[in-house]
Amino acid sequence: MEIAKTEQDADAARRAAWLSASAAARRTSPRSGPPKALKRTVRVALAAGVLIGGVVLIMPDDQGPKAPPPAPGPAARALTAVTGGAPASVADVTALITDRAAWVRTHPKDEASWAVLGSAYLERGVRGADSSFYPRAEWALRRSLEVRPKDNLDAETGLAALANARHDYAAARTLAESVRARKADRWTLYPPLIEAYNGLGDAKGAAKAVERLLELREGPAALTQAAEVYRAHGWREDASVALDEAIAHATSPVQKAASLVAAGDLAWERGEPEAALARYEAALRTDPGAHAALAGRARAEAGLGRKQDAQRDYLAAVAVLPRPEYLLELGELYESQGLDGDARTWFGKLQELAARDGSNGVDDALVLGRFEADHGSAHAAVDRLEAEWKAHPSPAVEDALGWAMYRAGEPEEGLTHVRKATDSGVRSALFSYHQAVIERELGQSGAARRHLQDALRTNPYFSPLLGPKAKEALTALGEPPEGGPRDMYGHVAAAAASGPSGSGSGSGSGGEGSSSSGSSSSQSGQSGQSGQSGQGAKRPAKPRPAKPAKPSQRH
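Each value, and the rule that gives it
Residues numbered from 1 in each chain as written. Predicted model: local features only at pLDDT ≥ 70, side-chain atom pairs only at ≥ 80, totals over all residues. Heavy atoms only, no water. Helix = DSSP H or I, 4+ residues; strand = E, 2+ residues; numbered from the N terminus. Buried < 20%, exposed > 50% of the residue type's maximum accessible area, 1.4 Å probe, protein only. Contact = heavy atoms within 4.5 Å. Areas by Shrake-Rupley, 256 points an atom, 1.4 Å probe, with all protein chains shown as cover. Core = buried A, V, L, I, M, F, W, Y, C linked by side-chain atoms within 4.5 Å. Expected span 1.5 Å × (residues − 1). Phe/Tyr/Trp six-rings, centres within 6.5 Å; stacked < 30°, edge-to-face > 60°. pLDDT = per-residue confidence, 0-100. Lys, Arg positive; Asp, Glu negative; His and termini not counted. Salt bridge = Lys/Arg side-chain N within 4 Å of Asp/Glu carboxyl O. Axes fitted to C-alpha atoms, helices over the stretch in contact; angles between N-to-C directions. Parallel < 35°, antiparallel > 145°, perpendicular 65-115°, else oblique. Left-handed = near helix turned anticlockwise from the far one by under 90°. Nonpolar A, V, L, I, M, F, W, Y, C, P; charged D, E, K, R; others polar.

### Comments concerning the overall build of the protein chain
Then, number 1: Across its full length, the protein chain carries 27 helices and 0 strands.
Then, number 2: Sorting the 555 residues of the protein chain into buried and exposed places 54% on the buried side.
Then, number 3: The long-range share in the protein chain, meaning contacts at least 24 apart out of those at least 6 apart in sequence, stands at 65%.
Then, number 4: About 22300 Å² of surface is accessible on the protein chain, with carbon and sulfur atoms providing 51% of the total.

Right under this line is the structure:
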C-alpha cells in the first residue's frame with residue numbers, strides 16, 4: 001500500500017464533491033484570543049497523546065530504533081503536542097503522517113513509528129469524517145505488530161481506538177482490556193476503553209475507567225471525556241462543571257474548541273439553544289477548523305426558528321465533515337419545511353455515505369436504523385437494529401430498536417425496549433417522546449402525557465420534525481381529568497388499605513405507565529402502590545453506578 005499519497009489532494013477532491021452537491025458557501029468566524037489563564041489548580045486528566053475524538057497517538061517505547069524528532073514546523077508541533085498531552089490540528093497531523101511515513105520507508109523495523117503512523121492516520125480520518133483513512137491506519141498498526149508481535153501495547157491500543165471508530169465496541173473492549181490485564185497503569189489504554197464501554201452501554205465500566213484515568217494523568221482533554229460519562233449517567237451539572245474547567249485549562253485552540261463543542265452539545269440537550277449557540281460560535285472563533293461546531297450551530301439555529309441559517313450551516317458542515325447523523329438531521333430539517341425532494345436528496349447521500357463507510361469497515365447500523373424506521377422500511381430497521389442491539393446494547397440502540405418495532409407494528413415489544421433506554425439514566429427528549437407515542441398508541445394516556453411533558457421539559461427543540469408533533473400530541477391529550485392521582489396513575493392512595501386487589505377505576509395502562517421509567521416514578525409512594533394493582537410486579541430499577549468524583553472535589 002502506498003503511504004506517501006498526498007492527503008491534501010484527497011481532501012480537496014472530497015470537499016469539492018460535497019460543495020458541488022450542496023452549492024453551499026462555508027462560513028467561519030475569526031479566531032479568538034489565547035485561552036484564559038489557569039484560575040486554580042485542579043486535578044484533571046489528560047491522556048497525554050489523546051487527540052480530539054478519543055484517538056490515541058502513541059509515545060514510542062524504549063525498545064526498537066528511534067525516529068529523530070521532525071524538523072521545526074507542523075510535524076514537530078504535532079509530535080510536541082502529542083507527547084506533551086495536547087491535541088493537534090488536522091494540518092499538523094497530516095504533516096506528522098508525512099514525516100513518519102518517510103521514516104518507516106527507510107526504517108521498516110521501527111515498530112513504535114509504525115504505531116504512531118497508524119494512530120495518526122486514524123486521527124486524520126476521525127477529524128475529517130473520512131473512513132478511507134481507516135484501512136491505512138489498520139495497515140500501519142498491523143505492520144507494527146509484525147515487527148514486534150509480543151507485548152506491542154502501543155499497536156494494540158491503536159487497534160482498540162480504530163475498532164471504536166468503526167463502531168465495533170466489543171472488539172475495542174477486548175483489545176483494551178487485554179492491554180489493561182498486562183499493564184493496568186498504562187494511561188493510554190483508558191480513553192479507548194471508556195469509549196468502548198459507552199458504546200456497549202456499560203455505564204459502570206465507563207465510570208470506573210474514567211476514575212482510573214483521572215488518577216493516572218492530568219489535563220483538560222480527559223475532563224471532556226469524563227463529562228461525557230457524567231452526561232451518560234444523567235449527571236448534567238457534574239458534566240457542566242467538568243467542561244467549564246476543561247475550557248478554562250485548555251492549552252491550545254484545538255483543545256479549547258473541542259471542549260466548547262462538547263459544552264454546546266450539553267447545553268443543546270438541556271433545551272438551551274441560545275447557550276448552545278454561544279458555545280458553538282466561541283468554538284469557531286477559537287478554531288475555525290472545529291467543523292462539528294458548524295453542525296451544532298445549525299441544530300441550535302433550527303431550534304430557534306432560524307431555518308435558513310440552519311440549512312446554510314448544515315450544508316457547510318457536511319461539505320467538510322460528512323457524518324451520517326448530520327445528513328439525517330439535514331434531511332429532516334428539509335422535511336420539516338415540506339421540502340420533500342431536498343430531503344430525499346440528502347437521505348440518498350446518507351445511504352451512499354453509509355455504503356462507503358461499510359467498505360472501510362465502519363458499521364453505521366444505528367443511524368441507518370433510525371433513518372429506515374422513520375423514512376424507509378421499518379421492518380428493515382428492526383432487522384438491522386436487533387443485530388446491532390445484540391452486539392452493542394447501548395441505550396441509544398435500545399431506544400432506536402424499540403421505536404423501529406413500534407413503527408413496524410409491534411408496540412408492546414417496542415415499549416419494553418424504549419423503557420429500558422429511558423431507565424438507563426440518559427436524559428433524552430427523543431427517548432421520552434418515543435416512549436410517550438407508544439404509550440399513547442397502547443391507550444396509556446396518563447403515562448403518555450407525563451413523558452410528552454418530560455420530553456418538552458428536557459428539550460422542546462429536540463427535533464424540527466418531532467418537536468412540533470410532541471406539542472400537538474400533548475395538546476390533543478389535554479389536561480388530566482379531575483380526580484388527580486386516581487385518574488392519572490390508575491389508583492388512589494387509600495387503595496392500599498383495601499388489599500392488593502384494590503385497583504380502583506383507573507385503567508391498567510395508567511398503572512403500567514406509572515412504573516415504566518425513572519422519570520415517571522417521582523411520585524414514589526403512589527407508584528409503589530400502583531405496582532400492586534393487578535398489573536404485575538413493578539420492574540426493579542437499575543442500580544446506579546458508582547459516581548466518579550467531580551473534578552471540583554479533587555485536590
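We are not done yet, so read on.
### Section: the environment of Glu 123
Then, number 1: Turning to its location among the elements, Glu 123 is positioned in helix α4 (residues 111–128).
Then, number 2: A relative accessible area of 0% places Glu 123 in the buried class.
Then, number 3: The sequence separation of Glu 123 and Val 93 amounts to 30 residues, and the corresponding C-alpha distance is 7.7 Å.

### Structural notes on the environment of Val 367
Then, number 1: Turning to its location among the elements, Val 367 is positioned in helix α18 (residues 365–375).
Then, number 2: Residue classification places Val 367 among the buried residues on the basis of a relative accessible area of 12%.
Then, number 3: In the structure, Val 367 is positioned 41 residues away from Tyr 326 in sequence and 9.9 Å away in space, judged by C-alpha atoms.
Then, number 4: Dropping the residues within four chain positions of it, Val 367 is found in contact with Pro 324, Glu 325 and Leu 328.

### Quick word on unusual backbone geometry
Then, number 1: Even without a glycine there, the phi angle at Ala 129 is positive, about 50°.
Then, number 2: Looking at where Ala 129 falls in the secondary structure, it is placed in the loop between α4 and α5 (133–147).
Then, number 3: One non-glycine residue, His 167, adopts positive backbone phi at about 65°.
Then, number 4: Mapped onto the elements of the fold, His 167 is located in the loop between α6 (153–165) and α7 (169–182).
Then, number 5: Of the residues examined, His 167 reaches a relative accessible area of 25% and is grouped as partly exposed.

### Comments concerning the nonpolar core
Then, number 1: Core analysis: the largest hydrophobic core is formed by 68 residues, its most contacted members being Leu 193, Tyr 230, Ala 293 and Trp 346.
Then, number 2: Of all hydrophobic cores here, the second largest spans 29 residues; its members include Leu 385, Ala 429, Tyr 433 and Ala 455.

### Description of the environment of Trp 346
Then, number 1: The residue Trp 346 is located in helix α17 (residues 340–359) in this model.
Then, number 2: Relative accessible area serves as the criterion here: at 4%, Trp 346 is assigned to the buried category.
Then, number 3: For the pair formed by Trp 346 and Glu 332, sequence separation is 14 residues and the distance between their alpha carbons is 9.0 Å.

### Topic: helix α13 (residues 273–286)
Then, number 1: Spanning 14 residues, α13 covers 20 Å between terminal C-alpha atoms, matching the ideal 20 Å at 1.5 Å per step.
Then, number 2: Restricting attention to buried positions, one finds in α13 the residues Pro 273, Ala 276, Leu 277, Tyr 280, Ala 282, Ala 283, Leu 284 and Thr 286.

### Describing the packing of aromatic side chains
Then, number 1: Applying the stated criterion across every chain, the model contains 7 aromatic pairs.
Then, number 2: Ring centres of Phe 347 and Phe 371 lie 5.3 Å apart, and the angle between their planes is 55°; this geometry places the pair in the tilted category. Here Phe 371 lies in helix α18 and Phe 347 lies in helix α17, a separation of 24 residues in the sequence. Per residue, the accessibility class of Phe 347 equals that of Phe 371, and both read buried.
Then, number 3: Each ring, one from Trp 403 and one from Tyr 433, has its centre 6.2 Å from the other, and the planes form 45°; the classification is tilted.

### Brief notes about the confidence of the model for the protein chain
Then, number 1: Averaged over every residue, the pLDDT of the protein chain is 80; the share at 70 or more is 71%.
Then, number 2: Low pLDDT (under 50) marks residues 56–62, which in the prediction has 28 contacts with non-local residues, meaning those over four places away or in another chain.
Then, number 3: Every residue in residues 492–555 scores below 50 in pLDDT, and together they form 107 contacts with partners more than four places removed in sequence or on other chains.

### Overview of the side chain of Asp 364
Then, number 1: Summarising the element assignment, Asp 364 is placed in the loop between α17 and α18.
Then, number 2: One buried charged side chain, Asp 364, makes no salt bridge at all; its nearest oppositely charged neighbour is Arg 356, positioned 8.3 Å away.
Then, number 3: Leaving out residues up to four positions away in the same chain, Asp 364 has contacts with His 167, Pro 324, Ala 354 and Asp 357.

### Examining the packing of helix α23 (residues 445–458) against helix α24 (residues 466–477)
Then, number 1: Closest axis-to-axis distance for the α23/α24 pair is 10 Å, and the angle between their directions is 140°. It follows from the interaxial angle that α23 and α24 lie oblique. Taken as a pair, α23 and α24 cross one another with a handedness that is left-handed. Along its contact with α23, which presents Ser 445, Ala 448, Arg 449, Leu 452, Gln 453 and Leu 456, the element α24 presents Gly 467, Ala 470, Lys 471, Ala 473, Leu 474 and Leu 477.
Then, number 2: Class assignment of the residues belonging to the contact of α23 with α24 gives a composition of 7 nonpolar, 3 polar and 2 charged.

### A short note on the pattern of salt bridges
Then, number 1: In the structure shown here, the tally under the stated rule is 28 salt bridges.
Then, number 2: Between Arg 299 and Asp 265 there is a salt bridge, with its nearest N and O atoms 4.0 Å apart. One end of the pair, Arg 299, is in helix α14 (residues 292–303); the other, Asp 265, is in helix α12 (residues 253–269), with 34 residues separating them in the sequence.
Then, number 3: The class of Asp 265 is partly exposed, set by a relative accessible area of 30%.
Then, number 4: Within the structure, one salt-bridge network assembled from shared partners comprises Arg 297, Glu 301, Arg 306, Asp 309, Arg 312 and Asp 313.

### Comments concerning helix α11 (residues 236–249)
Then, number 1: Under the 1.5 Å per step criterion, the end-to-end length of α11 is 20 Å for 14 residues, consistent within 8% with the ideal 20 Å.
Then, number 2: Counting buried positions along α11 gives 10 out of 14 residues, so the element sits mostly inside the fold.
Then, number 3: Among all positions of α11, only Arg 236, Asp 238, Ala 239, Ala 242, Leu 243, Glu 245, Ala 246, Ile 247, Ala 248 and His 249 are buried.

### A look at the packing of α6 against helix α8 (residues 190–199)
Then, number 1: At a minimum axis separation of 9 Å, α6 and α8 run at an interaxial angle of 30°. As the angle between them shows, α6 and α8 are arranged roughly parallel. The interaxial crossing formed by α6 with α8 has left-handed handedness. Contact residues: α6 offers Thr 157, Ala 160, Ala 161 and Asn 164, while α8 offers Pro 192, Glu 195 and Ala 196.
Then, number 2: Among the residues forming the contact of α6 with α8, the class breakdown is 4 nonpolar, 2 polar and 1 charged.

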